[in-house]
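So the chains spell out like this:
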Amino acid sequence: MSDIQVSGAGGRRRRGAGGAGRGRVRVRGGRRWLAGVFLLPALVLLGALVGYPIVFSVVRSLFDASGDGFVGLDNYGAMFSDEGIRTALRNNVIWVVVAPTVSTVLGLVFAVLTERIRWGTAFKLVVFMPMAISMLAAGIIFRLVYDQAPERGVANAVWVGVHDTFADPAPFPGAKPRPRAGLEASGGGSFTTGSAVRAGSPVLLPLVAVQPDDLRGARAAAVARPQPGKVTGTAWLDFTRGGGGRPKVIDGDEKALAGLRVEAVRGGRVVASATTAADGSFALPAGRADGARLRLPAANFAEAYRGVDWLGPALVTPAIIGSYVWMWAGFAMVLIAAGLAGVPRELLEAARVDGAGEWQVFRRITVPLLAPVLVVVLVTLMINVLKIFDLVYIIAPGSSVRSANVLALQLFQSSFGTDVDEGLGSAIAVFLLLLVLPVMYVNLRRLRKERRR
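Model, not experiment: these values are computed from the prediction. (Residues numbered from 1 in each chain as written. Predicted model: local features only at pLDDT ≥ 70, side-chain atom pairs only at ≥ 80, totals over all residues. Heavy atoms only, no water.)

Some thoughts on the sheet that holds strand β9 (residues 261-266)
Working definition: the strands of a sheet are paired by backbone hydrogen bonds and lie parallel or antiparallel to each other.
Inference 1: With antiparallel pairing, the five strands of this open sheet are ordered in space as β5-β6-β12-β9-β10. The open sheet has two free edges, formed respectively by β5 (183-185) and β10 (269-275), since each of these has just one partner strand. The sheet shows a mean angle of 30° between the axes of neighbouring strands, direction not considered.
Inference 2: Looking at chain direction, strand β6 (residues 191-193) and strand β12 (residues 293-296) are connected through two bridges and run antiparallel. Within β12, the residue paired with Thr192 across the bridge is Arg295. (Pairing = 2+ DSSP bridges. Helix = DSSP H or I, 4+ residues; strand = E, 2+ residues; numbered from the N terminus. Axes fitted to C-alpha atoms, helices over the stretch in contact; angles between N-to-C directions.)

Observations regarding the pattern of salt bridges
Inference 1: One pass over the full model with this rule turns up 15 salt bridges.
Inference 2: For Glu358, the salt bridge is made with Arg116, and the minimal N-O distance between the two is 2.6 Å. One end of the pair, Glu358, is in helix α10 (residues 358-369); the other, Arg116, is in the loop between α3 (83-114) and α4 (120-128), with 242 residues separating them in the sequence.
Inference 3: With its nearest N and O atoms 3.2 Å apart, the salt bridge here joins Arg352 to Glu349. Here Glu349 and Arg352 lie together in helix α9 (residues 345-353), a separation of three residues that amounts to about one turn.
Inference 4: In the salt-bridge network here, residues are joined through shared partners; they are Arg116, Glu349, Arg352 and Glu358. (Salt bridge = Lys/Arg side-chain N within 4 Å of Asp/Glu carboxyl O.)

Comments concerning the sheet that holds strand β4 (residues 176-177)
Inference 1: Taken in spatial order, the four strands make up an open sheet running β4-β7-β8-β11, and their pairing is mixed. For this open sheet the edge positions go to β4 and β11 (281-285), each flanked by a neighbour on one side alone.
Inference 2: The pairing of β4 with strand β7 (residues 203-208) spans two bridges and is classified as antiparallel. The residue bridging Pro177 from the neighbouring strand is Leu207, located in β7.

So, a positive patch on the surface
Inference 1: Where like charges cluster on the molecular surface, the positive patch consists of Arg445, Arg448, Lys449, Arg451 and Arg452.
Inference 2: Mapped onto the elements of the fold, Arg452 is located in helix α14 (residues 422-452). (Patch = residues over 30% accessible without salt bridge, like charges linked within 9 Å, V, L, I, M, F, W, Y side chains within 5 Å. Areas by Shrake-Rupley, 256 points an atom, 1.4 Å probe, with all protein chains shown as cover. Lys, Arg positive; Asp, Glu negative; His and termini not counted. Charge placed at Lys NZ, Arg CZ, Asp CG, Glu CD.)

Here's the deal with the nonpolar core
Inference 1: Of all hydrophobic cores here, the largest spans 49 residues; its most connected members are Trp95, Tyr146, Ile320, Tyr324 and Leu391.
Inference 2: Looking at this core, the elements that each hand over two or more residues are α3, α5 (135-145), α8 (316-341), α9, α10, α11 (371-386) and α12 (390-395).
Inference 3: With 15 residues, α8 is the single largest residue contributor to this core.
Inference 4: Membership of the second largest hydrophobic core comes to 28 residues, among which are Phe172, Val231, Ala289 and Phe301. (Core = buried A, V, L, I, M, F, W, Y, C linked by side-chain atoms within 4.5 Å. Buried < 20%, exposed > 50% of the residue type's maximum accessible area, 1.4 Å probe, protein only.)

Re α8
Side chains that are three or four residues apart share a direction in an α-helix, a result of its 3.6 residues per turn.
Inference 1: If you check α8, its first and last C-alpha atoms are 38 Å apart, about what 26 residues at 1.5 Å a residue would give, namely 38 Å.
Inference 2: Along α8, the sharpest change in direction is near 35° and occurs at Trp328.
Inference 3: Among the 26 residues that make up α8, 19 are buried, leaving the element largely enclosed by the rest of the structure. (Expected span 1.5 Å × (residues − 1). Bend = angle between axes of the 7 residues up to and from the residue.)

Everything listed here is a matter of geometry and, on its own, says nothing about what the molecule does.
Shown next, in the form of structure tokens:
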């Protein structure tokens with residue numbers, strides 16, 4: 001067999017002795033116009049879908065909202081003078097710094113740890129599954145997760161559960177004394193008797209506005225009886241269903257308020273305290289409470305803890321970044337795990353034999369060898385984050401949308417919102433393109449260096 005080389009369409013053919021390259025055909029040169037014909041459809045689509053919009057946006061950004069008046073760079077000046085756009089720019093900086101970094105770090109940790117557990121593949125599948133969900137669906141999911149009401153929002157349900165584990169909830173949130181019942185507001189949500197109490201004279205503490213759910217299983221209130229050496233009294237719901245009850249009098253089966261804290265206060269100091277029993281009664285030692293005033297502290301009536309306002313102006317951006325990390329940490333993990341599979345195990349084992357700990361192996365060997373992959377993941381996520389729109393648009397409520405604003409969302413609002421200004425929207429689009437270009441340039445340089453290797 002001979003070695004055949006073709007130097008061109010009409011070039012000479014050379015036959016040589018057989019060898020390692022037997023039967024191999026090399027093509028040198030070729031018809032460039034033919035390659036151009038095949039590339040032409042792609043070039044036309046690229047020009048129509050990418051080139052033309054970019055040129056049009058640059059030109060449109062130099063005109064006013066109507067598109068008739070040439071304003072030069074005024075739209076770019078207005079972009080940086082507008083408070084909403086400056087907020088969007090600040091949020092974009094937070095997004096670019098935080099979201100790719102956290103996603104990459106979590107992906108690295110997951111990729112390394114899944115190599116050491118038995119069900120690593122199943123774990124990777126679970127972590128990667130959010131990537132199969134669209135941004136729209138993820139936004140709807142996390143809008144529910146971050147709902148303020150603990151009975152609907154998972155985040156606040158967990159947070160309130162942890163809070164209530166370590167802090168007792170108020171027994172009767174929202175309750176208050178019956179008007180003209182001898183209890184006066186004493187600041188901070190507490191109520192104090194208008195006059196001092198005496199042993200032998202039971203104190204009546206009638207309350208109203210108690211929630212029905214807080215009275216489940218409550219017993220009927222009982223009139224406290226005088227006790228030697230004690231200051232006694234009763235706290236109850238002074239309300240008779242259907243009407244007919246007398247104010248400041250325990251009528252029929254009016255319900256007792258059990259678990260209510262009662263304090264005896266003298267000179268601004270608490271000298272004694274007690275908790276109401278199942279029938280609403282309480283007793284305080286007369287030696288301390290006689291002549292003091294009784295106070296119902298605010299802790300009895302504090303509203304139930306409702307958790308954190310995740311979608312409020314202060315936390316809305318971190319909350320949305322959390323949903324993004326939930327989606328893209330799996331993407332980072334898969335790419336890093338693929339790079340980790342190519343790391344020579346001999347180097348890791350040699351380092352362990354030389355006495356290096358696992359943290360040293362991870363920091364000095366694994367991470368440096370994975371540096372090219374980490375850069376790819378980080379740059380890809382940075383480009384993706386600069387275009388973030390869906391999650392912010394769906395998750396942020398109307399009251400916090402200005403605090404959560406990003407450039408892509410501002411671009412949409414300026415171009416298609418209620419106050420349409422296509423000139424300003426085009427300026428934002430051009431500015432966003434300029435932000436993406438340096439990141440793309442770094443990525444292209446890295447790809448060229450890898451090809452040369």
